Amino acid sequence: AQSVSQHNHHVILSEAASLELGCNYSYGGTVNLFWYVQYPGQHLQLLLKYFSGDPLVKGIKGFEAEFIKSKFSFNLRKPSVQWSDTAEYFCAVGLRNTPLVFGKGTRLSVIA
Amino acid sequence: NAGVTQTPKFQVLKTGQSMTLQCAQDMNHEYMSWYRQDPGMGLRLIHYSVGAGITDQGEVPNGYNVSRSTTEDFPLRLLSAAPSQTSVYFCASSYSKETGELFFGEGSRLTVL
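Predicted model, so just to flag it, every value in this text is computed and none were measured.

What counts as what
Residues numbered from 1 in each chain as written. Chains lettered and ligands numbered in written order. Predicted model: local features only at pLDDT ≥ 70, side-chain atom pairs only at ≥ 80, totals over all residues. Heavy atoms only, no water. Helix = DSSP H or I, 4+ residues; strand = E, 2+ residues; numbered from the N terminus. Rg over C-alpha atoms; globule rule 2.2 N^0.38 Å. Buried < 20%, exposed > 50% of the residue type's maximum accessible area, 1.4 Å probe, protein only. Contact = heavy atoms within 4.5 Å. Lys, Arg positive; Asp, Glu negative; His and termini not counted. Charge placed at Lys NZ, Arg CZ, Asp CG, Glu CD. Pairing = 2+ DSSP bridges. Disulfide = S-S within 2.5 Å. 1 Å grid on protein atoms, 1.4 Å probe; cavity = no way out; pocket = protein on both sides within 12 Å on 5 of 7 lines; lining within 4 Å. Points joined across faces, edges and corners; volume = space filled by probe spheres on them. Nonpolar A, V, L, I, M, F, W, Y, C, P; charged D, E, K, R; others polar.

**Structural notes on the overall build of chain A**
Consideration 1: Helix and strand counts for chain A come out as zero helices and 12 strands.
Consideration 2: What you see in chain A, going N to C, is helices and strands ordered as β-β-β-β-β-β-β-β-β-β-β-β.
Consideration 3: In terms of C-alpha radius of gyration, chain A reaches 13 Å, essentially the compact-globule figure of 13 Å for 112 residues.
Consideration 4: Dimensions of chain A, computed from the C-alpha atoms along their principal axes, are close to 40 × 25 × 20 Å.
Consideration 5: When the 112 residues of chain A are sorted by exposure, 47% land in the buried category.
Consideration 6: Sequence-distant contacts in chain A: of pairs separated by 6 or more residues, those separated by 24 or more amount to 54%.
Consideration 7: Here chain A holds 10 positive side-chain charges and 7 negative ones, and the gap between their average locations is 8 Å.

**Observations concerning the pairing of strand β9 (residues 73-78) of chain A**
Residues and elements named next belong to chain A.
Consideration 1: Among the six residues that make up β9, five are buried, leaving the element largely enclosed by the rest of the structure.
Consideration 2: Judged from the three bridges that link them, strand β3 (residues 19-21) and β9 form a sheet pairing that is antiparallel. Paired with Leu-21 across the bridge in β9 is Leu-76.
Consideration 3: Sheet topology places strand β8 (residues 64-68) next to β9; five bridges connect them, and they run antiparallel. Bridge assignment links Phe-67 to a residue of β9, and that residue is Phe-74.
Consideration 4: Counting the residues that bridge the hairpin from β8 to β9 gives four residues, and of these Phe-72 lies at a positive phi of roughly 50°.

**Observations regarding the state of the cysteines**
Residues and elements named next belong to chain A.
Consideration 1: Taken as a whole and assessed by the stated rule, the structure comprises two disulfides over all chains.
Consideration 2: What pairs with Cys-23 in a disulfide is Cys-91, and their sulfur atoms sit 1.9 Å apart. Between Cys-23 and Cys-91, the S-S dihedral sits near -65°, and the bridge is therefore left-handed. Taken together, the positions of Cys-23 in the loop between β3 and β4 (24-25) and Cys-91 in strand β10 (residues 87-95) put the pair 68 residues apart, joining distant regions of the chain.
Consideration 3: For Cys-91, a relative accessible area of 0% corresponds to the buried category.

**Observations regarding the layout of surface pockets**
Consideration 1: Here the largest pocket is characterised by a volume of approximately 690 Å³.
Consideration 2: Here the element with the most residues in the lining of the largest pocket is strand β11 (residues 108-112) of chain B; it accounts for four residues.
Consideration 3: Broken down by class, the residue content of the lining of the largest pocket amounts to 11 nonpolar, 14 polar and seven charged.
Consideration 4: For the second largest pocket, the calculated volume is near 340 Å³.
Consideration 5: Elements supplying a minimum of two residues to the lining of the second largest pocket: β11 (101-102) of chain A together with β5 (42-51) of chain B.

So this is what it looks like as structure tokens:
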């Protein structure tokens, strides 16, 4: 069965630090890739998505992600984090004819 | 803009009781799904539906029933609640099962004593 791995369980950064959250998946075929964010006490919302084309995808709030097919990865990045980025981040993979599979999430804590 | 509406937001049950979590969406999405979120486990798919009258099991379907009589509604039923079903439940909808952006409800926090 396909799986989605987010290797970092909890990341703590200072404001203005750069962020990179890892996401790897186990399926070798055509995939659709997503990052969702869940702010404290809120529901999940879409941060960015990749279906095809330019492997560098830009999302909301200055986030971007890069699809590297050879590494089965879709890492999330932000050059300079803010306190308001404190949240849990979920990577998700969509495969042909199956529902999205989510990773276990990475909790990001940004400290002043 | 209502989006995806879940009720109730909070519920406490005793072991063995039954209840239904309601989910409604007003975006005419064909695809609807239920997830449970547990610490360290991420989101796990319980059941999903690709249209009225069609449902299928996800990763963790045991102990839960669903039905889809209309495009708008997708209720989740717990027939005999167990402490292992203590969780936060999210309903989500999309125009497509694998390619569409999922729109999530606010969540329902269920505690089973």
